[in-house]
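Understanding the architecture of this molecule
Here is what each chain is made of, one letter per residue.
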Amino acid sequence: MQLQELIINDIKPVSITEVFSELQLLFNQLTYSHIPIKNEDIYIGCISETDVHCFDGEKPISDCKYMIEGFFVRPTTNWLDVLETFAQNNTNIMPVLDTNNKYLGYYELNDVMSLFNETPFFSEPGGILIVEKGIHDYSFSEISQIVESNDAKLLGAFVSKMDNDLASITIKIGNGSLNDVIQKFRRYSYNIVSGIEDDTYIESLKERSDYLDKYLNI
């Protein structure tokens, strides 16, 4: 499915000349975090439900233009950038404007997320592995080489967390032994954050620890 097919146009931007009670009524009927606002026929941004309920219902929206957030995407914006814009603006509705800045409609967050669920990262069988290394020490070319050198297939990888000088990379691996890949990552000085439930290295350490405890208790 093309992203543009997900554009919905059943909600038109509310005029900035309307009063806040109009927006409050809309929010009571909808589940969206924001509602688009227009000045005459020009989209100027969105206003959040949280902000709307802070004002007297008879107050005109035009008196509080500073509360309007000007986020939007184009029909040509790829779905990853659309998701990023959703996240940056903490919204579940995303206005779509054409190249002439004409309002075409909006995306719903759940609809765009469904495209992510259709990618091989989620739809194909495989193992999930999270590794950790210094921000300046890891590379995706190295990660690909580690996975593929073990006759495994790399189905996807992304940086899922950055904390101080460490980056966590989430990897999905198909058609290969997760344990073999884990051992290879260790040899390249990656810390294994998750995926160790099937890790023979951890099991081996546990067995040795159990044996040592038994020995010391004799």
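Quick look at the packing of aromatic side chains now. All chains considered together, the criterion is met by five aromatic pairs. Aromatic side chains Tyr43 and Tyr103 sit 6.2 Å apart centroid to centroid with 25° between the ring planes, which places their arrangement in the stacked category. With Tyr43 in strand S3 (residues 42-48) and Tyr103 in strand S5 (residues 103-108), the pair connects residues that are 60 residues apart, well separated along the chain. For the pair Tyr43 and Tyr103, a shared accessibility class is recorded, and that class is buried. Taken together, a centroid distance of 5.8 Å and an interplanar angle of 85° make the contact between Tyr138 and Phe140 edge-to-face. Residue Tyr138 is classed as buried on the basis of its relative accessible area of 17%.

The volume enclosed by the largest pocket comes to roughly 270 Å³. Lining the largest pocket are Trp79, Leu80, Phe116, Thr119, Pro120, Phe121, Leu155, Gly156, Ala157, Phe158 and Val159. Contributions of two or more residues to the lining of the largest pocket are made by helix H3 (79-89), helix H5 (120-123) and strand S7 (153-163). The element that contributes the greatest number of residues to the lining of the largest pocket is S7, accounting for five residues. Classifying every residue of the lining of the largest pocket gives nine nonpolar, two polar and no charged.

What follows covers the sheet that holds strand S6 (residues 127-134). For sheets, the rule is that strands pair by backbone hydrogen bonds, running either parallel or antiparallel. Strand order in this open sheet of four strands is S7-S8-S6-S9, and the pairing throughout is antiparallel. Each edge of the sheet is formed by a strand with only one pairing partner; in this case those strands are S7 and strand S9 (191-194). Pairs of neighbouring strands in the sheet enclose a mean axial angle of 30°, with direction left out of account. Here S6 pairs with S9 via three bridges, running antiparallel. From the neighbouring strand, Val131 faces S9, where its bridge partner is Ile192. Strands in contact with helix H6 (residues 140-148) are S6, S7 and strand S8 (166-174); relative to S7, the strand with the most contacts, it is inclined by about 135°. Those strands touched by helix H7 (residues 178-187) are S6, S8 and S9, and its axis lies near 0° from that of S6.

As a further point, take the pairing of S5. Direction of pairing for strand S4 (residues 93-97) relative to S5: antiparallel, over a ladder of five bridges. When the bridges of S5 are listed, Val96 appears paired with Gly105. Taking the residues that link successive antiparallel strands as the turn, the S4-S5 hairpin has five residues, and the phi of Asn101 there is positive, at about 65°.

Running from N to C, H3 and helix H4 (residues 109-117) point in directions that differ by 140°, and their axes come no closer than 10 Å. With respect to their mutual orientation, H3 and H4 come out oblique. Between H3 and H4 lies a crossing of left-handed hand. Seen from H3, the contacting residues are Trp79, Val82, Leu83 and Phe86; seen from H4, they are Leu109, Val112, Met113, Leu115 and Phe116. Taken together, the residues of the contact of H3 with H4 sort by class into nine nonpolar, no polar and no charged.

What counts, and where the lines are drawn
Residues numbered from 1 in each chain as written. Predicted model: local features only at pLDDT ≥ 70, side-chain atom pairs only at ≥ 80, totals over all residues. Heavy atoms only, no water. Phe/Tyr/Trp six-rings, centres within 6.5 Å; stacked < 30°, edge-to-face > 60°. Helix = DSSP H or I, 4+ residues; strand = E, 2+ residues; numbered from the N terminus. Buried < 20%, exposed > 50% of the residue type's maximum accessible area, 1.4 Å probe, protein only. 1 Å grid on protein atoms, 1.4 Å probe; cavity = no way out; pocket = protein on both sides within 12 Å on 5 of 7 lines; lining within 4 Å. Points joined across faces, edges and corners; volume = space filled by probe spheres on them. Nonpolar A, V, L, I, M, F, W, Y, C, P; charged D, E, K, R; others polar. Pairing = 2+ DSSP bridges. Axes fitted to C-alpha atoms, helices over the stretch in contact; angles between N-to-C directions. Contact = heavy atoms within 4.5 Å. Parallel < 35°, antiparallel > 145°, perpendicular 65-115°, else oblique. Left-handed = near helix turned anticlockwise from the far one by under 90°.

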